[in-house]
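Remarks on the overall topology
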Amino acid sequence: MNKPAVSFEFFPAKTELGHEKLLSTFDELNKLAPTYFSVTYGAGGSTRDRTLSIVQALLERSDTPIAPHISCIGDDKSKIAELLELYKNLGINRLVALRGDLPSGQVGMGELPFALDLVKFIREHSGDHFHIEVAAYPEMHPQARSFQFDVDNLVNKYQAGANASITQFFYNADSYLYLRDTLEQRGIDTTAQPLVAGIMPITNSSNLVRFADSCGADIPRYVRKQLADFGDDRRAIRDFGFEVVHRLCERLISEGVPAMHFYSMNKVEPNKRLVQSLGLAAETV
């Protein structure tokens, strides 16, 4: 049976204690021998600095590749070029290229208003140095005019030089499979340019609903109802969430998913539990 690659996403911690916890989480998840770790990014100021700080700290701890997120909205080309050169000098050759959210109080969209523009610019500036991954939306980007428009945008990003895409999290395997088949029909070879499944473990009901509502991801009605019925029973939520996500991953594996990118929320569990239970772990220590 197909054994998909595994990777994890981190977000930069805001406190020194959170930073130390993140490094500890990295050490534990790194024992599973993931393909890479990604680190999320905020445009401008201290958020960007925190991203760079954690990227540098992780590079010093392991040879596992680190893929910083890089966003473009509200930025100018010179700042992005500067960041690309910095990452090159650090030995980084993998990026997650996103549009991002317009910084608070900023009016202009910048010189590169969309992720497509960013992909084109990275290729113009750095050639094939970076392996570029972009965002994909099995259930459609919340700001897209239509599903077809959203697919067109993803196809354009592939054609502009994206090596792969990572989906927003989802709990309906058919939405992923439909997007994959649609890309194939549009001429995208998803073996050569994979559609990576973004996986969000379920550990907290209110956080999950908030995330889903903000990014347009669908939570099946039976999952919402069951989580609501559990109330504050954290153990019941974790066990039910594990069952839901484990079943989703099993279906994806059976359908030949090439890779899974776990939105770790900077936690060891339940990411480690899922990866090990699915037989995807390659313990190195």
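Residues numbered from 1 in each chain as written. Predicted model: local features only at pLDDT ≥ 70, side-chain atom pairs only at ≥ 80, totals over all residues. Heavy atoms only, no water.

1. Description of unusual backbone geometry
With an omega of 5°, the peptide bond between E269 and P270 qualifies as cis. The residue A33 is not glycine, and still its phi comes out positive at about 55°. Along the chain, A33 turns up in the loop between α1 (16-30) and β2 (36-39). Note on A33: relative accessible area 37%, which makes it partly exposed. (Helix = DSSP H or I, 4+ residues; strand = E, 2+ residues; numbered from the N terminus. Buried < 20%, exposed > 50% of the residue type's maximum accessible area, 1.4 Å probe, protein only.)

2. As for the environment of A135
Here A135 shows up in strand β5 (residues 131-136). You can call A135 buried: its relative accessible area is 15%. When the C-alpha positions of A135 and K77 are compared, they lie 21 Å apart, and in sequence the two are 58 residues distant. Apart from the residues lying within four places of it in its own chain, the contact partners of A135 are A97, L98, L154, K157 and I166. (Contact = heavy atoms within 4.5 Å.)

3. With respect to the nonpolar core
Counting residues in hydrophobic clusters, the biggest one holds 87 residues, and the most contacted among them are I70, I122, F169, Y171, I199, L252 and M260. Examining the composition of this core, we find that nine residues originate from one element, helix α9 (residues 234-254), more than from any other. Excluding anything up to four places from it in sequence, F169 contacts E139, G198, M200, L208, F211, A212, C215, A217 and Y263. (Core = buried A, V, L, I, M, F, W, Y, C linked by side-chain atoms within 4.5 Å.)

4. Focus: helix α7 (residues 205-215)
For α7, the set of buried residues is S205, L208, A212 and C215. In an axial view of α7, the angular spread of the buried residues amounts to 120°, which keeps them on one side of the axis. Away from its buried face, by an angle of more than 90 degrees, α7 presents the exposed residues D213 and S214. For α7, the secondary structure elements touched by its buried residues are α8 (221-230) and α9. G216 occupies a position one or two residues after α7 and carries a positive phi of about 80°. (Arc of directions from axis to C-beta.)

5. Thoughts on the packing of helix α4 (residues 115-126) against helix α5 (residues 147-160)
Running from N to C, α4 and α5 cross one another at 5°; their axes reach a closest spacing of 9 Å. Taken together, the axes of α4 and α5 lie roughly parallel to each other. Two secondary-structure elements touch here, α4 through A115, L116, V119, K120 and R123 and α5 through N153, N156, K157 and A160. Across the contact of α4 with α5, the residue classes tally to four nonpolar, two polar and three charged. (Axes fitted to C-alpha atoms, helices over the stretch in contact; angles between N-to-C directions. Parallel < 35°, antiparallel > 145°, perpendicular 65-115°, else oblique. Nonpolar A, V, L, I, M, F, W, Y, C, P; charged D, E, K, R; others polar.)

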